[in-house]
Amino acid sequence: AEAVWDYSVTSAHTLFGSATGDPLADKVLALLDQGSMTKSDFNRSMSVKQKRELDDVLEMLKRHNKVKVRLVQGGGAGRPAAVWERVQKPEAPPQE
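Residues numbered from 1 in each chain as written. Predicted model: local features only at pLDDT ≥ 70, side-chain atom pairs only at ≥ 80, totals over all residues. Heavy atoms only, no water.

Ranked by internal contacts, the top residues of the largest apolar core, which has 16 residues, are Val-28, Leu-32, Phe-42, Met-46 and Leu-61. Of all elements in the fold, only helix 2 (23-33) and helix 4 (48-63) reach the threshold of two or more residues within this core. Broken down by element, this core gets its largest block of residues, 6 residues, from helix 2. Those residues within four positions of Met-46 in sequence are excluded, and the remaining contacts are Leu-24, Lys-27, Val-28, Leu-31, Lys-51 and Leu-54. (Core = buried A, V, L, I, M, F, W, Y, C linked by side-chain atoms within 4.5 Å. Buried < 20%, exposed > 50% of the residue type's maximum accessible area, 1.4 Å probe, protein only. Helix = DSSP H or I, 4+ residues; strand = E, 2+ residues; numbered from the N terminus. Contact = heavy atoms within 4.5 Å.)

Now the structure itself:
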């Protein structure tokens, strides 16, 4: 099933550029284009159904090198927050 998904994502990217073919994945990428986000940030923009699917979508996007996560320790003694960011594509070399 994962191979089929990978093929689908690759095909969608070829046909539509950055679109993944998954509406939630596309929404996550669009949100991250505006800046880094925590899960709490995502949850403010998601329906109940989307919140349930978010972890799987983030992991899929991470596997495909579309997003990355870093842990940031807050001012208190609690757990560090996972901050998600869009992976920036390297710029193409200038055409001569």
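On the secondary structure map, Asp-41 appears in helix 3 (residues 39-43). Placed 10 residues apart in sequence, Asp-41 and Leu-31 show a C-alpha to C-alpha distance of 9.5 Å. Separated by 2.9 Å, the side chain of Asp-41 and the backbone nitrogen of Thr-38 make a polar contact. (Polar contact = N/O pair within 3.5 Å; in protein donor to acceptor, adjacent residues only side chain to side chain.)

An order of 1-3-2 is seen for the 3 strands of this open sheet, with the pairing classed as antiparallel. Edge positions in the sheet fall to strand 1 (37-38) and strand 2 (67-72), since each has one partner strand and no second. Sheet analysis places strand 1 next to strand 3 (residues 81-86), joined by 2 bridges and oriented antiparallel. Looking across to strand 3, one finds that Thr-38 is bridged to Val-83. The sheet strands contacting helix 2 are strand 1, strand 2 and strand 3, and the helix crosses strand 3 at an angle near 90°. In this fold helix 4 packs onto strand 2 and strand 3, with an angle of close to 110° to the strand it touches most, strand 2. (Pairing = 2+ DSSP bridges. Axes fitted to C-alpha atoms, helices over the stretch in contact; angles between N-to-C directions.)

What follows is about unusual backbone geometry. The phi dihedral of Asn-65 falls on the positive side, at around 60°, and the residue is not glycine. If you trace the backbone, Asn-65 turns up in the loop between helix 4 and strand 2. According to the relative accessible area criterion, Asn-65 is exposed, its value standing at 53%.

Time to look at helix 2. When helix 2 is considered as a whole, its buried residues turn out to be Leu-24, Ala-25, Val-28, Leu-29, Leu-31 and Leu-32. Down the axis of helix 2, the buried side of the element spans an arc of 160°, and every buried residue falls inside it. Opposite the buried face of helix 2, by more than 90 degrees, sit the exposed residues Pro-23 and Asp-33. If you check the start of helix 2, you find a side-chain oxygen 2.8 Å away from the backbone N of Leu-24, and it comes from Asp-22. Positive backbone phi, approximately 140°, marks Gly-35, located one or two places after helix 2. (Arc of directions from axis to C-beta.)

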